[in-house]
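For reference, the chains in residue letters:
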Amino acid sequence: MEDYKVMRHAILVAGMKDSGVLQQVINLYDDKDIDFFVHFDKKFAQPKLVSNFSHIQVLNPDNIYWAGPSQVALSLRLLKTAYTSRTYDYYHLTSSEDFPMKSKSDFMDFFAENSNTEYVDIDDVSGFFDFRIRSYHFFEKWKMPRSIKYLLSEKIGRMQMKLGIDRADYINVIGKG
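In this text, all values refer to a predicted model and were calculated from it rather than measured experimentally.

### With respect to the pairing of strand β2 (residues 34–40)
And step 1. With 7 of its 7 residues buried, β2 lies for the most part within the structure.
And step 2. Residue alternation in β2 divides its side chains into two sets, I34, F36, V38 and F40 and D35, F37 and H39, and both sets are buried.
And step 3. Note that strand β1 (residues 9–15) and β2 share 7 bridges and pair parallel. Bridge assignment links A10 to a residue of β2, and that residue is D35.
And step 4. Between β1 and its parallel partner β2, the chain crosses via helix α1 (residues 21–29), and the hand of that crossover is right-handed.
And step 5. Sheet analysis places β2 next to strand β3 (residues 56–58), joined by 3 bridges and oriented parallel. Within β3, the position partnered with F37 by the bridge is Q57.

### Focus: the packing of aromatic side chains
And step 1. Applying the stated rule across the entire model yields 9 aromatic pairs.
And step 2. Seen in terms of ring centroids, F37 and Y88 are 5.9 Å apart; in terms of plane orientation they differ by 85 degrees. Their pairing is edge-to-face. Placement of F37 in strand β2 and of Y88 in the loop between α2 (69–85) and β4 (90–95) is noted, with a sequence separation of 51 residues between them. Judged on exposure class, the residue F37 and its partner Y88 are both buried.
And step 3. Between the aromatic rings of F111 and Y119, the centroid separation amounts to 5.9 Å while the plane-to-plane angle is 90 degrees, which identifies the pairing as edge-to-face.
And step 4. Using a relative accessible area of 11% as the deciding quantity, one classes F111 as buried.
And step 5. Taking relative accessible area as the criterion, Y119 reaches 44% and is therefore assigned partly exposed.

What counts, and where the lines are drawn
- Residues numbered from 1 in each chain as written.
- Predicted model: local features only at pLDDT ≥ 70, side-chain atom pairs only at ≥ 80, totals over all residues.
- Heavy atoms only, no water.
- Buried < 20%, exposed > 50% of the residue type's maximum accessible area, 1.4 Å probe, protein only.
- Helix = DSSP H or I, 4+ residues; strand = E, 2+ residues; numbered from the N terminus.
- Pairing = 2+ DSSP bridges.
- Right-handed = clockwise from strand over helix to strand, strands pointing away.
- Phe/Tyr/Trp six-rings, centres within 6.5 Å; stacked < 30°, edge-to-face > 60°.

This is the structure we're talking about:
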């Protein structure tokens, strides 16, 4: 690595279940300049995570529901926890199942070489995601089989579309990043 400014990174991890992948990532990226802020869904066992150099902060578990308000709230909670913990140059939101394709040195070099660049992308959504965003969902926290929950949500969502109900009516562009 050339002489670059030392960059501090906060890895924000939204975890569902422990498959051991996150511990492997921590082992690979363990560094005094890379910290991990981790949340595991309350519905699953909470793993014990260890590192030699990185600070690991595990947030109190909550029940998180995919594509629901709880998932957005969790992302904001992870960001706020990291932001108030210490100053970081970059915040990386990931899941406990994601494994990096670059070594730690490649990762650090890339962000040091591109230190004034932000990496935020919004993709066009259509079909399923557009439908999920534009309709109201009433069963997020209900205890029922996932297949029934999705079937009911889809039927009620289609009914909302036929009735002209659009919770995102005021939004010009809908995307996901």
